[in-house]
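A structural walkthrough
Residues per chain, in single letters:
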Amino acid sequence: MDNGTEFTSRAILKWAGDNNVDWHYIDPGKPQQNGFIESFNGSLRDELLNEEIFDTLDDARRKLALWRYDYNNVTPHSSLADQTPAEARRALEQTEDEEYEIQTRKLSL
């Protein structure tokens, strides 16, 4: 898990404990240890958080839902051979189960 303050809170730590989810921190100054989430956080920050003003919590939820739909269904990702995550997942679902399990780990952001 990212050491940054972006998504860290007591609530998530409590949830992890209540649900027997091990919490692992990356080493300070080593974002490459968790490159997938670092990339995602950068996209979220650059494409949504730095661009929008949220008037209410409902407004923030609506804008996040629109951004998430676009991120997963509209915008191609170079790490997925210029497919959207939704297209990549559909393609993987058509492959053999073993290959699917390996590749799904890459998509589980």
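Residues numbered from 1 in each chain as written. Predicted model: local features only at pLDDT ≥ 70, side-chain atom pairs only at ≥ 80, totals over all residues. Heavy atoms only, no water.

Another point: the overall build of the protein. A tally of helices and strands in the protein yields 5 helices and 0 strands. N-terminal to C-terminal, the α/β element order of the protein is α-α-α-α-α. Across the 109 residues that make up the protein, the buried fraction comes to 20%. Here the analysis covers contacts within the protein between residues at least 6 apart in sequence; of these, 29% occur between residues at least 24 apart. For the protein, the computed accessible surface area is about 8,400 Å², with 51% contributed by carbon and sulfur atoms. (Helix = DSSP H or I, 4+ residues; strand = E, 2+ residues; numbered from the N terminus. Buried < 20%, exposed > 50% of the residue type's maximum accessible area, 1.4 Å probe, protein only. Contact = heavy atoms within 4.5 Å. Areas by Shrake-Rupley, 256 points an atom, 1.4 Å probe, with all protein chains shown as cover.)

Any two aromatic rings considered together are summarised by their centre-to-centre distance and by the angle between their planes. If you walk through the whole model with that rule in mind, you get 3 aromatic pairs. Consider the rings of Phe-40 and Trp-67, whose centres lie 5.7 Å apart with planes at 65°: the pair is edge-to-face. With a gap of 27 residues between them, Phe-40 in helix H2 (residues 35–49) and Trp-67 in helix H3 (residues 57–73) connect regions that are remote in the sequence. In textbook terms, an aromatic cluster arises when at least three aromatic residues are bridged by ring pairs, as seen for Phe-40, Trp-67 and Tyr-71. (Phe/Tyr/Trp six-rings, centres within 6.5 Å; stacked < 30°, edge-to-face > 60°.)

At their nearest, the axes of H2 and H3 sit 11 Å apart, and the two run at 125° to each other. With respect to H3, the axis of H2 lies oblique. Viewed along their axes, H2 and H3 form a crossing whose handedness is right-handed. Here Phe-40, Ser-43, Leu-44, Glu-47 and Leu-48 of H2 lie close against H3, whose contacting residues are Lys-63, Leu-64, Trp-67 and Tyr-71. Residue composition of the contact of H2 with H3, by class: 6 nonpolar, 1 polar and 2 charged. (Axes fitted to C-alpha atoms, helices over the stretch in contact; angles between N-to-C directions. Parallel < 35°, antiparallel > 145°, perpendicular 65-115°, else oblique. Left-handed = near helix turned anticlockwise from the far one by under 90°. Nonpolar A, V, L, I, M, F, W, Y, C, P; charged D, E, K, R; others polar.)

Think of it this way: side chains of opposite charge can pair up when their charged atoms draw near. A full pass over the atoms with the stated rule returns 5 salt bridges. Across the salt bridge formed by Lys-63 and Glu-52, the nearest N and O atoms sit 3.4 Å from each other. Placement of Lys-63 in helix H3 and of Glu-52 in the loop between H2 and H3 is noted, with a sequence separation of 11 residues between them. Accessibility expressed as a relative area gives 34% for Glu-52, which makes it partly exposed. Among the salt bridges present, the one from Asp-58 reaches Arg-61, with a minimum N-O distance of 3.7 Å. Taken together, the residues Asp-58 and Arg-61, both in helix H3 and 3 residues apart, mark about one turn of the helix. Salt bridges sharing common partners tie together Glu-52, Asp-59, Arg-62 and Lys-63. (Salt bridge = Lys/Arg side-chain N within 4 Å of Asp/Glu carboxyl O.)

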